[in-house]
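Architecture at a glance
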Amino acid sequence: MKRKVIITADGSSSIYMEDLDEHYHSVHGAIQESQHIFIKSGLLSNNLKQLETISILEIGFGTGLNALLTYFSANETHKNIHYTAIEFYPVNNEELQLLNYGNQLPYPQANEIFRLIHAAQWEKGEPISGHFTICKNKISALEIHLPENTFDLVYFDAFSPDSQPELWSTLLFDKIYNSMRLNGVFITYSTKGNVKRALRQAGLLIEKLPGPPGKREILRGFKY
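Notes on the structure follow. All figures in this text were calculated on a predicted structure; none of them were measured in a lab.

**Quick look at the overall build of the chain**
If you tally the helices and strands in the chain, you get 7 helices and 11 strands. Scaling as 2.2 N^0.38, a compact globule of 224 residues should have a C-alpha radius of gyration of about 17 Å, and the chain matches this with 16 Å. Here the C-alpha coordinates of the chain stretch approximately 40 × 40 × 30 Å along the principal axes. Across the chain, the fraction of contacts at a sequence separation of at least 24, relative to all contacts at a separation of at least 6, is 67%. As presented, the chain carries roughly 10400 Å² of accessible surface, and 48% of it is formed by carbon and sulfur atoms. Side-chain charges in the chain split into 21 positive and 24 negative, and the spacing between the mean points of these groups amounts to 5 Å.

See the structure below:
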């Protein structure tokens, strides 16, 4: 697949997939998009405020930006994070060197934490710090076995339903629903009608929320 690193409107990096005509993040701003959708509307949602330890599943690890932002948000809110990430096409070392998140974020340790996240071995849970452990899995989300009743929060950040419709189906959403704990939160950027129908069919109660710059709405679901 042909990919190239680009700079988005807020100054932060993303990757453009030329073959699919897809960007890993919003061209209106990679960091502000991830912060708005996955941190503000996901990790910091009311359902999770009382939890000291949060288990997260991310479908579409991509550049690792969501994991990086989760690390620092959890550090500020004193949460322990167990982070499971799924990514079938990991970024390469050359691309990693061009991603500028560490320089764009207001944290002195950002570059080092980003390096540690990407240096963590695949298929093996590794601690990044005393409060953050990550397990990255190089496998299709459709093929991975997900343990039941495990995750408090799901970041669903796959490529768009137009590019990868098989990932936005009840086949995968059923598997994810079963892997979530009661009161668990599901967050994604897509609000397409077929996505909403598939999530409802899987059993999630869904709601629309205001989106980040360049996107009118996003979608959040709950397991009750």
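On we go.
**Considerations on the layout of surface pockets**
In this structure, the largest pocket encloses a volume near 740 Å³. In terms of lining residues, the largest pocket is bounded by 40 residues, among which Asp157, Ala158, Phe159, Ser160 and Tyr189 are the most central. Where the lining of the largest pocket is concerned, the elements lending two or more residues are strand 3 (22-23), strand 4 (53-59) and helix 2 (65-77). The class makeup of the residues in the lining of the largest pocket is 19 nonpolar, 13 polar and 8 charged. Here the second largest pocket is characterised by a volume of approximately 310 Å³. Taken together, 17 residues form the lining of the second largest pocket, with Leu96, Gln97, Phe114, Arg115 and His118 sitting closest to its centre. Contributions of two or more residues to the lining of the second largest pocket are made by helix 3 (93-98), helix 4 (101-104) and helix 5 (110-119).

**Some remarks on the nonpolar core**
Among the nonpolar cores identified, the biggest contains 70 residues, and Phe156, Phe173 and Ile176 are the most heavily contacted of them. Among the elements that take part in this core, helix 2 stands out by supplying 7 residues, more than any other. Here phenylalanine 173 is in contact with Phe156, Leu167, Trp168, Phe186, Val195, Ala198, Leu199 and Ala202, once residues within four sequence places are set aside.

**Examining a nonpolar patch on the surface**
The grouping of Met1, Phe88 and Tyr89 at the surface amounts to a nonpolar patch, some 330 Å² of accessible area in total. Take phenylalanine 88: it is sitting in the loop between strand 5 (80-86) and helix 3. Assessed through its relative accessible area of 41%, phenylalanine 88 is described here as partly exposed.

**Quick notes on the sheet that holds strand 5**
Across the sheet, which stays open at both edges, the 8 strands sit in the order 6-7-5-4-8-9-11-10 with mixed pairing between neighbours. Sheet topology places strand 6 (126-129) and strand 10 (205-210) at the edges, where each strand pairs with a single neighbour. Strand after strand, the sheet turns through a mean of 20° between neighbouring axes, direction not considered. Inspection of the sheet shows strand 8 (residues 151-156) paired to strand 9 (residues 180-188) by 5 bridges, in the parallel sense. Following the sheet pairing, leucine 153 is matched in strand 9 by valine 185. Packing against the sheet, helix 2 makes contact with strand 4, strand 5, strand 6, strand 7 (132-137) and strand 8, and its axis sits at approximately 175° to strand 5.

**So, the side chain of serine 12**
Within the element layout of this structure, serine 12 appears in the loop between strand 1 (3-7) and strand 2 (13-17). Side chain to side chain, serine 12 and aspartate 10 meet in a polar contact 2.5 Å long. Reaching out from serine 12, the side chain makes a polar contact with the backbone nitrogen of alanine 30 at a distance of 3.3 Å. Not counting chain neighbours up to four residues away, the residues in contact with serine 12 comprise Ile6, Ile7, Gly29, Ala30, Ile31, Asn100, Tyr101 and Gln104.

**Quick look at the packing of aromatic side chains**
Scanning the entire structure with this criterion turns up 16 aromatic pairs. Relative to tyrosine 107, the ring of phenylalanine 72 has its centre 4.1 Å away and its plane inclined at 0°; by these criteria the two rings are stacked. In this pair, phenylalanine 72 is assigned in helix 2 and tyrosine 107 in the loop between helix 4 and helix 5, connecting sequence segments 35 residues apart. Residue class for phenylalanine 72 comes out buried when judged on its relative accessible area of 4%. A residue is classified by how much of its surface remains accessible, and tyrosine 107, at 23% relative accessible area, is partly exposed. In this structure an aromatic cluster arises from ring pairing among Phe38, Tyr71, Phe72, Tyr83, Tyr107, Phe132 and Tyr155. Lysine 223 extends its terminal NZ or CZ atom over the ring of tyrosine 177, reaching a point 4.5 Å from the ring centre.

Thresholds, definitions, all that
- Residues numbered from 1 in each chain as written.
- Predicted model: local features only at pLDDT ≥ 70, side-chain atom pairs only at ≥ 80, totals over all residues.
- Heavy atoms only, no water.
- Helix = DSSP H or I, 4+ residues; strand = E, 2+ residues; numbered from the N terminus.
- Rg over C-alpha atoms; globule rule 2.2 N^0.38 Å.
- Contact = heavy atoms within 4.5 Å.
- Areas by Shrake-Rupley, 256 points an atom, 1.4 Å probe, with all protein chains shown as cover.
- Lys, Arg positive; Asp, Glu negative; His and termini not counted.
- Charge placed at Lys NZ, Arg CZ, Asp CG, Glu CD.
- 1 Å grid on protein atoms, 1.4 Å probe; cavity = no way out; pocket = protein on both sides within 12 Å on 5 of 7 lines; lining within 4 Å.
- Points joined across faces, edges and corners; volume = space filled by probe spheres on them.
- Nonpolar A, V, L, I, M, F, W, Y, C, P; charged D, E, K, R; others polar.
- Core = buried A, V, L, I, M, F, W, Y, C linked by side-chain atoms within 4.5 Å.
- Buried < 20%, exposed > 50% of the residue type's maximum accessible area, 1.4 Å probe, protein only.
- Patch = residues over 30% accessible without salt bridge, like charges linked within 9 Å, V, L, I, M, F, W, Y side chains within 5 Å.
- Salt bridge = Lys/Arg side-chain N within 4 Å of Asp/Glu carboxyl O.
- Pairing = 2+ DSSP bridges.
- Axes fitted to C-alpha atoms, helices over the stretch in contact; angles between N-to-C directions.
- Polar contact = N/O pair within 3.5 Å; in protein donor to acceptor, adjacent residues only side chain to side chain.
- Phe/Tyr/Trp six-rings, centres within 6.5 Å; stacked < 30°, edge-to-face > 60°.
- Lys NZ or Arg CZ within 6 Å of the ring centre and 35° of its normal.

Function cannot be read off these values alone, since they describe shape.
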